[in-house]
Amino acid sequence: MRKIIISLLCLSAVFAINVSAQTKGEMYVGGSFNIGATTFTHEDGNLNALTYAVLPEYSYFVANNFRIGAELSCNFAADVTILTLSPSLSYYVKLLDNFYYTPELTFGGGFITGKDFTLGALSVGLNVIAFEFKPSKHVGLCLNFDNIFHAYLPENSFGSVHFGIFNSVGLGFRYYL
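What this report covers is the structure whose coordinates are included nearby. (Residues numbered from 1 in each chain as written. Predicted model: local features only at pLDDT ≥ 70, side-chain atom pairs only at ≥ 80, totals over all residues. Heavy atoms only, no water.)

## With respect to the overall build of the chain
In step 1: Scanning the chain for helices and strands turns up 1 helix and 11 strands.
In step 2: Secondary structure elements of the chain occur, N-terminal to C-terminal, as α-β-β-β-β-β-β-β-β-β-β-β.
In step 3: Accessible surface, the chain: about 10,000 Å² in total, of which carbon and sulfur atoms supply 70%. (Helix = DSSP H or I, 4+ residues; strand = E, 2+ residues; numbered from the N terminus. Areas by Shrake-Rupley, 256 points an atom, 1.4 Å probe, with all protein chains shown as cover.)

So, in structure tokens, the structure goes:
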């Protein structure tokens, strides 16, 4: 057990070398995988579903610790598939060496398809519980919990305006260019 702990500490020390902050002009490509339970609240009641999401993304730091980005989200819930393109804004707050708090605001547009329908949708989301660990200059590992969103879905059986909380966990990888 002692050898494993020492090996992990040595590995962490190697990764900590050459770490850079998120500075203006940096960019990354990456993505995440989320799994969780979603609750949609609307005037007709609540809809609960288990969801899986794959989210490839690209981001660019327009100022130190402030990035803009875009992600393509493909969510699967019950018999419904949700595909969205979402521009995003995020600010990085350094908590510890190589460890950042990264709240994010997203604006999305896309389509929701089911067995007998296809709908257009617009949404705004806020991810307030998000973190990134940057073990090396080019690698970022991210973790997020939950996401609050507000969606407009015209002419559907659930009404037109939705508020929801994705009770999910997301794990991601970012490669800084």
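What follows picks up the thread again.
## Section: the pairing of strand β9 (residues 129–136)
In step 1: Here 3 bridges tie strand β6 (residues 99–101) to β9, and the two strands are oriented antiparallel to one another. For Phe99, the partnering residue across the bridge sits in β9 and is Phe133.
In step 2: Where β9 and strand β10 (residues 139–152) come together, 6 bridges link them in antiparallel fashion. Note on β10: the bridge partner recorded for Ile129 is Phe145.
In step 3: Connecting the antiparallel pair β9 and β10 is a turn made up of 2 residues. (Pairing = 2+ DSSP bridges.)

## Quick notes on the packing of aromatic side chains
In step 1: Enumeration according to the criterion identifies 6 aromatic pairs in this entry.
In step 2: With a centroid separation of 6.4 Å and 25 degrees between ring planes, the pair formed by Phe61 and Tyr176 is classed as stacked. Taken as a pair, Phe61 in strand β2 (residues 45–63) and Tyr176 in strand β11 (residues 161–176) lie far apart in primary sequence, 115 residues in all. Note on accessibility: Phe61 and Tyr176 belong to one class, buried.
In step 3: Chaining the aromatic ring pairs together yields one cluster made of Tyr28, Phe61, Tyr92, Tyr100 and Tyr176.
In step 4: Its end group placed over the ring of Tyr176, Lys134 keeps NZ or CZ at 3.9 Å from the ring centre. (Phe/Tyr/Trp six-rings, centres within 6.5 Å; stacked < 30°, edge-to-face > 60°. Buried < 20%, exposed > 50% of the residue type's maximum accessible area, 1.4 Å probe, protein only. Lys NZ or Arg CZ within 6 Å of the ring centre and 35° of its normal.)

## Things to note about the pattern of salt bridges
In step 1: Inspection of the entire model under this criterion finds 5 salt bridges.
In step 2: Residue Arg174 pairs with Glu57 through a salt bridge whose shortest N-O separation is 3.4 Å. Note that Arg174 is positioned in strand β11 and Glu57 in strand β2, a separation of 117 residues in sequence. Here Arg174 and Glu57 have matching classes, each one buried.
In step 3: In this structure, Asp97 and Lys94 form a salt bridge, with 3.6 Å as the shortest nitrogen-oxygen distance. (Salt bridge = Lys/Arg side-chain N within 4 Å of Asp/Glu carboxyl O.)

## A short note on the environment of Tyr91
In step 1: Residue position: Tyr91 is located in strand β4 (residues 80–91).
In step 2: Overall, the relative accessible area of 42% leaves Tyr91 in the partly exposed class.
In step 3: Counting along the chain gives 23 residues from Tyr91 to Ile68, while the straight-line C-alpha distance between them is 9.1 Å.
In step 4: Setting aside residues no more than four positions away along its own chain, Tyr91 makes contact with Asn64, Asn65, Phe66, Tyr101, Thr102 and Pro103. (Contact = heavy atoms within 4.5 Å.)

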